[in-house]
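Letter by letter, the chains look like this.
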Amino acid sequence: MTPVRIVCREADFQVSAHLYERLSQELGGDRVRLDSGGERARHAAGSGEALLVVIGPRWVQSRNAAGQRSLDDPGDPVRVLIETALRDGSALFPVLVPGARLPEIADLPVSIRPMILRPAINLTSAHVDDDIHALIGQLHEVTQLIGRVSPSHPQPRPDDTEV
């Protein structure tokens, strides 16, 4: 299975840690990483991992140390990871914590707006473990699809028939 990276803002770390624990149990701890948007995230970009972007109620308004909105900083590690996943065609899932909703398109930098077109996972307080189980199912489906269309497993074209 494709490795999974969970990326979050500090404010959403607690929910992200629970998600990490559950995914590690299901997929194996060596297949799952958790990053709260630090320097390490910048170095992981482009690694071919499925990216789970944990979005909390204040994700869009999150500020960096200089007081600037984090998403407006082109060097923001969370933004860089999202941009890289979108550019590379990697699996990307917005994961909405309880109380959060997908950002409005106008609130996002142009470079990451396509993220909101990806299938989002809603983690609800009452059913968080069921929601995580559904996410695991989606990750398995995406991984199988990626394996079928990867360059190392070329698919025959419809006009390539044997005679």
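Please read these numbers as outputs of a predicted model, since none were measured by experiment.

### Overview of the overall build of the protein
Here's step 1: When you go through the protein residue by residue, the secondary structure sums to four helices and five strands.
Here's step 2: Helices and strands appear in the protein in the N-to-C order β-α-β-α-β-α-β-β-α.
Here's step 3: Burial statistics for the protein: of 163 residues in total, 42% are counted as buried.
Here's step 4: Here the contacts in the protein between residues at least 6 apart in sequence split such that 74% fall between residues at least 24 apart.

### A word on the sheet that holds strand β1 (residues 4-7)
Here's step 1: Pairing within the open sheet is parallel, and its five strands lie in the order β2-β1-β3-β4-β5. Each of the sheet's edge strands pairs with one partner strand only, and the pair in question is β2 (32-35) and β5 (121-122).
Here's step 2: Strand direction decides the pairing type here: strand β4 (residues 92-96) and β5, joined by two bridges, are parallel. Bridge pairing in β5 places Val95 opposite Ile121.
Here's step 3: Along the sheet, helix α1 (residues 13-27) makes contact with β1, β2, β3 (50-55) and β4, crossing β2 at roughly 170°.
Here's step 4: Sheet contacts for helix α3 (residues 77-88): β1, β3 and β4; angle to β3, the most-contacted strand, approximately 140°.

### A short note on the nonpolar core
Here's step 1: Judged by nonpolar contacts, the single largest core of 41 residues is most densely connected at Leu23, Leu52, Trp59 and Ile82.
Here's step 2: Those elements giving two or more residues to this core turn out to be β1, α1, β2, β3, α3, β4 and α4 (128-149).
Here's step 3: Element by element, the count of residues in this core is highest for β3, at six residues.
Here's step 4: For Leu52, the contacting residues outside a window of four places in its chain are Val4, Arg5, Ile6, Val7, Leu19, Leu23, Phe93, Val95, Leu135 and Leu139.

### Some points on the pattern of salt bridges
Here's step 1: Across all of its chains, the model carries five salt bridges by this definition.
Here's step 2: In this structure, the salt-bridge partner of Asp35 is Arg5, at a minimum N-O distance of 3.5 Å. Here Asp35, found in strand β2, pairs with Arg5, found in strand β1; they are 30 residues apart in sequence, far enough to count as distant.
Here's step 3: With relative accessibility at 5%, the residue Asp35 sits in the buried group.
Here's step 4: The shortest N-O distance in the salt bridge between Asp88 and Arg87 comes to 3.5 Å.
Here's step 5: The exposure class assigned to Arg87 is exposed, which follows from its relative accessible area of 61%.

### Considerations on the confidence of the model for the protein
Here's step 1: Per-residue confidence for the protein gives a mean pLDDT of 79, with 77% of residues at or over 70.
Here's step 2: Per-residue pLDDT stays below 50 along residues 145-163; that stretch engages in five contacts with residues further than four places along the chain or on separate chains.

### Here's the deal with the side chain of Asp76
Here's step 1: Among the secondary structure elements, Asp76 is positioned in the loop between β3 and α3.
Here's step 2: Not counting residues up to four positions away in its chain, the partners in contact with Asp76 are Arg9, Ser70 and Leu71.

Cut-offs applied
Residues numbered from 1 in each chain as written. Predicted model: local features only at pLDDT ≥ 70, side-chain atom pairs only at ≥ 80, totals over all residues. Heavy atoms only, no water. Helix = DSSP H or I, 4+ residues; strand = E, 2+ residues; numbered from the N terminus. Buried < 20%, exposed > 50% of the residue type's maximum accessible area, 1.4 Å probe, protein only. Contact = heavy atoms within 4.5 Å. Pairing = 2+ DSSP bridges. Axes fitted to C-alpha atoms, helices over the stretch in contact; angles between N-to-C directions. Core = buried A, V, L, I, M, F, W, Y, C linked by side-chain atoms within 4.5 Å. Salt bridge = Lys/Arg side-chain N within 4 Å of Asp/Glu carboxyl O. pLDDT = per-residue confidence, 0-100.

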